[in-house]
Amino acid sequence: MRNRIAVAALLALAGCGSTVDKTAEKKAPAEVKKAPPPAEYRVKLETTKGDIVIAVKREWAPLGADHFHRLVTSGFYDGVKFHRVLKKFIAQWGINGNPQTHQLYAMVRIADDPPKRKNKRGTVTFAKIGPNSRTTEVFINLRDNAQLDTTGFAPFGEVVEGMDVADTLTYLYGDLAPRGAGPDPVKAQQVGNVYLERDFPRLDAIEKASVLP
């Protein structure tokens, strides 16, 4: 009798497992079923100074390339300011103008990619503050930055059009506070474009970012 009960219980569990699997498959988010980003794609940044086109190559840094694709296609970078521009160093962006939106995306950190390319002039790289800390902020190298090559900064693409535009992005505010007179990044994340437009009105911005056909 006990053996029959045990067998019946196992069959019931097996049946439940099968049902759960099928249900989960039917309810799988649409994003899970989407094809991964292409191995190579181009992104156009329509900025207040002109257009910048970035060629992204997944083989250089697959996690960074895929994450950048998600951020662009979600519209995250639309309206975002170039909040840190240092002449002949970098042009950085990635703090969404809406604090709630920024906090939502900033919660997602991606693991580091092993660097396969050097941070040469024109390459595009995620900013980071330590191991596995990449979120939404990205920069264009405005010169060859060899010092970044040994600290885990992995380029995932490069500017193929509009490098002259990148060179003209407003840099008059200097580095971020408290090191310079530029924006306070914590305040920018908490208050958004209201703070940046009020206290740093001459910052350039990305009006729209899109993946080219």
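This structure is a prediction, so every number in the text was calculated from the model and none was measured.

Student: Explain the side chain of Thr125 to me, please; I cannot follow it from the model alone.
Tutor: Assignment of secondary structure puts Thr125 in strand S5 (residues 123–126). Take Thr125: its relative accessible area is 0%, and that puts it in the buried class. Here Thr125 is in contact with Asn119, Val138, Phe139, Asn141, Phe153, Ala154, Pro155 and Phe156, once residues within four sequence places are set aside.

Student: How do you make sense of the nonpolar core when you look at a structure like this?
Tutor: A general trend in soluble globular proteins is that nonpolar side chains are found buried together. Within the largest apolar cluster, 32 residues are counted, with the highest numbers of intra-cluster contacts made by Ile54, Phe68, Tyr77, Trp93, Ile140 and Phe156. In terms of residue count, helix H3 (residues 62–73) provides more of this core than any other element does, four residues in total. Aside from chain neighbours lying at most four places away, what touches Ile54 is Tyr41, Arg42, Val43, Leu45, Phe68, Trp93, Val124, Glu158 and Val159.

Student: What am I meant to see in a nonpolar patch on the surface here?
Tutor: Together, Leu104, Met107 and Val108 make up an exposed nonpolar region whose accessible area comes to about 340 Å². With respect to the secondary-structure elements, Val108 resides in the loop between helix H4 (99–106) and S5. We classify Val108 as partly exposed; its relative accessible area is 44%.

Student: Help me understand the sheet that holds strand S7 (residues 155–161), please; the structure alone is not making it clear to me.
Tutor: For sheets, the rule is that strands pair by backbone hydrogen bonds, running either parallel or antiparallel. In space, the eight strands of this open sheet follow the order S3-S4-S6-S5-S7-S2-S1-S8, with antiparallel pairing throughout. For this open sheet the edge positions go to strand S3 (84–86) and strand S8 (206–211), each flanked by a neighbour on one side alone. Averaged over all pairs of adjacent strands, the angle between strand axes in this sheet comes to 25°, irrespective of strand direction.

Student: Looking at this structure, how should I read the confidence of the model for the protein?
Tutor: Caution is warranted with low-pLDDT regions, since their predicted coordinates should not be read in detail. On average, residues of the protein score 87 in pLDDT, and 84% of them reach the 70 mark or higher. Within the protein, no element has a lower average pLDDT than helix H1 (residues 2–26), which sits at 32, and none a higher one than strand S6 (residues 138–141), at 99. Considering only residues more than four positions removed or in separate chains, one finds that residues 1–33, a stretch of pLDDT under 50, has three contacts.

Student: I'm lost on the side chain of His102 in this one. Help?
Tutor: By the element assignment, His102 lies in helix H4. The buried category is assigned to His102, whose relative accessible area is 2%. Separated by 3.3 Å, the side chain of His102 and the backbone nitrogen of Asn96 make a polar contact. If we skip the residues at most four places from it in the chain, His102 touches Phe76, Gly94, Ile95, Asn96, Thr136 and Gln189.

Student: Honestly, the pairing of strand S1 (residues 40–47) in this entry has me stumped. Any pointers?
Tutor: Within a regular strand, side chains alternate between the sheet's two faces. Taking every second residue as pointing to the same face, the buried face of S1 carries Tyr41, Val43, Leu45 and Thr47, while none of Glu40, Arg42, Lys44 and Glu46 on the other face is buried. With eight bridges connecting them, S1 and strand S2 (residues 50–57) associate as antiparallel partners. Across the sheet, residue Tyr41 finds its bridge partner in S2, namely Val56. Hairpin connection from S1 to S2: two residues lie between these consecutive antiparallel strands.

Student: Before we go on, may I ask you to explain the environment of Asp113 in this structure?
Tutor: Topologically, Asp113 is positioned in the loop between H4 and S5. Expressed as a C-alpha distance, the spacing of Asp113 and Trp60, which sit 53 residues apart in the sequence, is 8.5 Å. Beyond its immediate stretch of four places on either side in the chain, Asp113 contacts Ala61, Pro62, Leu63, Gly64, Arg134 and Ala154. Within the structure, Asp113 has its side chain in polar contact with the side chain of Arg134 (distance 3.0 Å).

Scoring rules and cut-offs
- All residue numbers here refer to positions counted from 1 along the written sequence of the relevant chain.
- The predicted nature of this model means local features are confined to residues of pLDDT at least 70 and side-chain atom pairs, given and counted, to a pLDDT of 80 or more, with totals for whole chains, interfaces and linings taken over all residues.
- Side-chain metrics in this entry use all non-hydrogen atoms of the structure; hydrogen atoms and water are not considered.
- A helix here means a DSSP run of H or I that spans at least four residues, while a strand means a run of E at least two residues long, and both kinds are numbered starting from the N terminus.
- A simple rule labels every residue: compare its accessible area, found with a 1.4 Å probe on the protein chains alone, to the largest value its type can have, and call it buried under 20%, exposed over 50%, or partly exposed in between.
- By the convention used here, residues are in contact when the closest approach between their heavy atoms is within 4.5 Å.
- By convention a nonpolar core is built from buried Ala, Val, Leu, Ile, Met, Phe, Trp, Tyr and Cys residues, the set being connected through side-chain atoms within 4.5 Å.
- Surface patches are defined over residues having more than 30% relative accessible area and no salt bridge, joining like charges when they lie within 9 Å and nonpolar side chains (Val, Leu, Ile, Met, Phe, Trp, Tyr) when within 5 Å.
- We get accessible surface area from the Shrake-Rupley algorithm with a probe of 1.4 Å; when it comes to residues, only the shown protein chains can shield them.
- The salt bridge criterion pairs a side-chain nitrogen of Lys or Arg with a carboxyl oxygen of Asp or Glu, the two atoms within 4 Å.
- Strand pairing is defined by DSSP finding a minimum of two bridges between the two strands.
- An axis is simply a line fitted to the C-alpha atoms; with a helix, the fit covers only the stretch in contact. Between two such axes, the angle follows the N-to-C directions and lies from 0 to 180 degrees.
- Every residue carries a pLDDT, the predictor's confidence in it, which falls somewhere between 0 and 100.
- In the analysis that follows, any N or O atom pair within 3.5 Å is treated as a polar contact, provided that within protein one partner can donate a hydrogen and the other can accept it, and provided that, for residues neighboring in sequence, both atoms belong to side chains.

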